[in-house]
Every structure is written in structure tokens, then in C-alpha cells.
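Architecture and fold: a report
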Amino acid sequence: MPNTNQPNHAAPAPAARSAFIALVGRPNVGKSSLLNAMVGRKVAIVSDKPQTTRNRIMGVLTREETQLVFLDTPGAHRPRTRLGDFMVRSIGEAVSGVDAAALVVEPVPGAVREEERGLLEQCRKNRLPTVLVVNKIDTLEDKSRLLPVIEKWRQAYDFSAVLPVSALTGDGVGDVVDELSKFTFEGPHFFPDDMVSDQPERVVAAELIREKMLLLLRDEIPHGIAVVIENAGERETENGPILDLDAYIYCEKESHKGIVIGRRGAMLKEIGTQARQEMEALFGAKVNLQCWVKVKEDWRNRQGLLGSFGYKL
């Protein structure tokens, strides 16, 4: 007959582990796409325009006992406006407060650029273990072209690992997560396990509108545009909840305002329709979105307006 008084020697549950990871790189290398791929949900807007990301955007991935908190930063560039200064400072703030960094680059030959050398110097000064992520390998028909690219970067910096990936197809993204998980430390998770981002709904909504403008408008206009959700509220109806949003789109010139609105309001309507459809899919509720366009000349160089538009450290 078995002895039921034997002590229970079941293995203790694994300890919780966490790490903060900064995603850094030049504009348009795919940092936001990589963040979305790792988290498994869209938390950062994406376009093929440089400087799409303006603020630090946080994404959270929790796998069992391990939690990775990613900080997606603006692309490193030479600032030409106060908004650009803010974006560059936000990179430095992110790098100084994390446990590791991932430098995201494209699989192109040539010398390491000044902006990337500056990022690596920040990582060196902060003694950050840094992983090199060579993104967009799906654009290479001949994968052997990766070898000189990787060798170039190995000569430039002592990376903890070098990982070729495609954020677009997902190829290699799991390897990046596994590698970055090595930098976690024992301790409680900083965020609930089902959380994927710290951005409130009104910020997500404003960013989605700006994303659609980046996709639909000319190259020179989106950089001079800010979007702010001035009013947000939810009401219950017999058909379910409806989220009411009032969005104000700010541009720098009257001529830009006309382009944003379009002939007979067609462009503004298309921007609103595409943004609303994605909001409804993301928020799980019907959205009543109203958009207005205003002119604030040279707002990218006006500190008070930058703060009111949410660009403050």
C-alpha cells in the first residue's frame, strides 16, 4: 500500500523574468514591422516613408515566465526641426534605460553610416549587449549576398549575435525573440501578461489616421502633419458599443490643408474610412470618426505646440 505521508517533491514553478529592449536603427529599416511581428499584433504604425515613428512605442511580449518589453524608437537622423530634436533625444533616453538593444539594419553593402555609428557608440557607452538584426532578407534573391553585409557589421562592432530576418514574412523573427530572451533577469513582470502595449486608445487612433495619410498623400506633406484626438467617448446602443472620436489633423500650410481635404472632401473621406475600418478591427467596437483639418504654421519648431501634440519626453 503506498505511503501517502511522503513529502511532495514537485519542482517549483520557474521564476518570472523580464527585460527591456530598445529597437534602434536608421529610418525605414523596419523596426516597427519587427516590433509588430514579435508581439504578434499591430502596436506601431508602418509605412515606407522615413520618420514614420515619432514617439517611443512600447510593445510587450509575454511567453510563460518570460516578459520582453520592447521600445520602438524613431529612426536615427540629422534633425532639422525641433520635432527632429525631440525624436533624436527620445532615442538616447530609450538606450539609457534598457537592458539590451537590437540594431535593425537592411541587407545592403557599403560603409556603416554615421547615424548607425552614433547608435553603436551610445550602446557602447551604456554597456548594452547589442544584437544585430539584418531585416528585409526577403528582398534578396541570392542569400549569399548576406555574407559580406554581415562581415561588414562584425568588423564595426562586437555584437552579441547577428540574425538575418524578414519582419514581413516572419522568417527568423522567433530567433530574434529567443536571442533577446537571454538578456532577461529574474524578477516580477512589469506589465499584465495579456498586455501588448501601453498606448491608450486615443493615441492608437491618432497614429492610425497618420498612417493612412502617410500611405495616401504625397511625400512632402505627411512629415508636416500631426493628429490629435481631442474628444473620445463610448456609448452603448442596442447594436453594441460605439466609440465616438473627434480627430484634428494639423498641417503647416493652407495649400497642404487643401491637399489633405481633397476635391470635394474625397481625400479626407478616404483617410477617415481606412482609419475607421482598422480601428474597428483593433478595438472590437463600431467607431464614429469625425476628422477636421487645421493649419498651425511651422508647428514642428514651436515647443508649445509640440508638447500639446504629445511630443514631450
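Above this text sits the structure in question.
The following refers to the structure shown. (Residues numbered from 1 in each chain as written. Predicted model: local features only at pLDDT ≥ 70, side-chain atom pairs only at ≥ 80, totals over all residues. Heavy atoms only, no water.)

**Looking at the packing of aromatic side chains**
The following threshold applies: Pairing of aromatic side chains here covers Phe, Tyr and the six-membered ring of Trp, requires ring centres within 6.5 Å, and sorts the geometry by plane angle: under 30 degrees stacked, over 60 edge-to-face, intermediate tilted. Secondary structure elements are taken from DSSP: a helix is a run of H or I of four residues or more, a strand is a run of E of two residues or more, and numbering for both begins at the N terminus. The rule is simple: take the accessible area with a 1.4 Å probe, protein chains only, and divide by the maximum for that residue type; under 20% is buried, over 50% is exposed, in between is partly exposed.
Tallied over the full model, the rule gives four aromatic pairs. A ring pair is formed by Y248 and W292, whose centres lie 5.5 Å apart and whose planes are at 20°; its orientation type is stacked. Residue Y248 is found in strand 9 (residues 240-251), and its partner W292 is found in strand 10 (residues 286-295); the two are separated by 44 residues along the sequence. For Y248, a relative accessible area of 18% translates into the label buried. Note on W292: relative accessible area 39%, which makes it partly exposed.

**What to know about the environment of Q303**
Inspection of the secondary structure assignment puts Q303 in helix 9 (residues 303-308). You can call Q303 partly exposed: its relative accessible area is 43%. Once the C-alpha coordinates of Q303 and R82 are considered, the two residues, 221 residues apart in sequence, prove to be 7.3 Å apart.

**Overview of the nonpolar core**
Going by this rule: Among buried residues, those of type Ala, Val, Leu, Ile, Met, Phe, Trp, Tyr and Cys that are joined through side-chain atoms within 4.5 Å constitute a nonpolar core. The criterion used for residue contact is that any of the two residues' heavy atoms lie within 4.5 Å.
In this structure, I21, L35, M38, F70, V133 and L180 are the most contacted members of the largest nonpolar core, which totals 29 residues. Those residues in contact with V133 that lie beyond four places of it in its chain are L34, A102, L103, V104, V105, L163, V165 and V176. In this structure, A22, V69, L120 and V134 belong to the second largest nonpolar core, which totals 28 residues.

**A closer look at the sheet that holds strand 9**
Let me state the cut-off plainly: By this definition, two strands are paired if DSSP reports at least two bridges between them. Working convention: axes come from line fits to C-alpha atoms, limited for helices to the stretch in contact. Angles between N-to-C directions cover 0 to 180 degrees.
Read across the open sheet, the three strands follow the order 8-9-10; overall the sheet is mixed. Pairing within the sheet leaves two strands with one partner each, and these edge strands are strand 8 (226-237) and strand 10. Each adjacent strand pair in this sheet contributes to an overall mean axis angle of 15°, direction not counted. As judged from the 10 bridges shared by strand 9 and strand 10, these two strands associate in the parallel manner. Note that in strand 10 the partner of L245 across the bridge is L289. With respect to the sheet, helix 7 (residues 254-261) is in contact with strand 9 and strand 10, its orientation differing from that of strand 10 by roughly 155°. Contacts from helix 8 (residues 266-283) reach strand 9 and strand 10, with the element oriented near 140° to strand 10.

**A short note on helix 5 (residues 173-181)**
Buried within helix 5 we find V173, V176, V177, E179, L180 and S181. Against the buried residues of helix 5 lie strand 1 (17-24), helix 1 (31-39), strand 2 (57-63), strand 3 (66-72), strand 5 (130-134) and strand 6 (161-164).

**What about the packing of helix 6 (residues 201-216) against helix 8?**
Note the following rule: Any angle that is under 35 degrees is reported as roughly parallel, and any over 145 degrees as roughly antiparallel; angles of 65 to 115 degrees are reported as roughly perpendicular and all others as oblique. Each crossing is labelled by how the near helix is turned from the far one, with a counterclockwise turn of less than a right angle marking it left-handed and a clockwise turn marking it right-handed.
It is the contact of helix 6 with helix 8, at a shortest axis distance of 9 Å, that shows an interaxial angle of 135°. Put simply, helix 6 runs oblique to helix 8. Note on packing geometry: the crossing formed by helix 6 with helix 8 is right-handed. Contacts between helix 6 and helix 8 involve E201, V204, A205, L208, I209, E211, K212, M213 and L216 on the former and, on the latter, M267, E270, I271, Q274, A275, E278, M279, L282 and F283.

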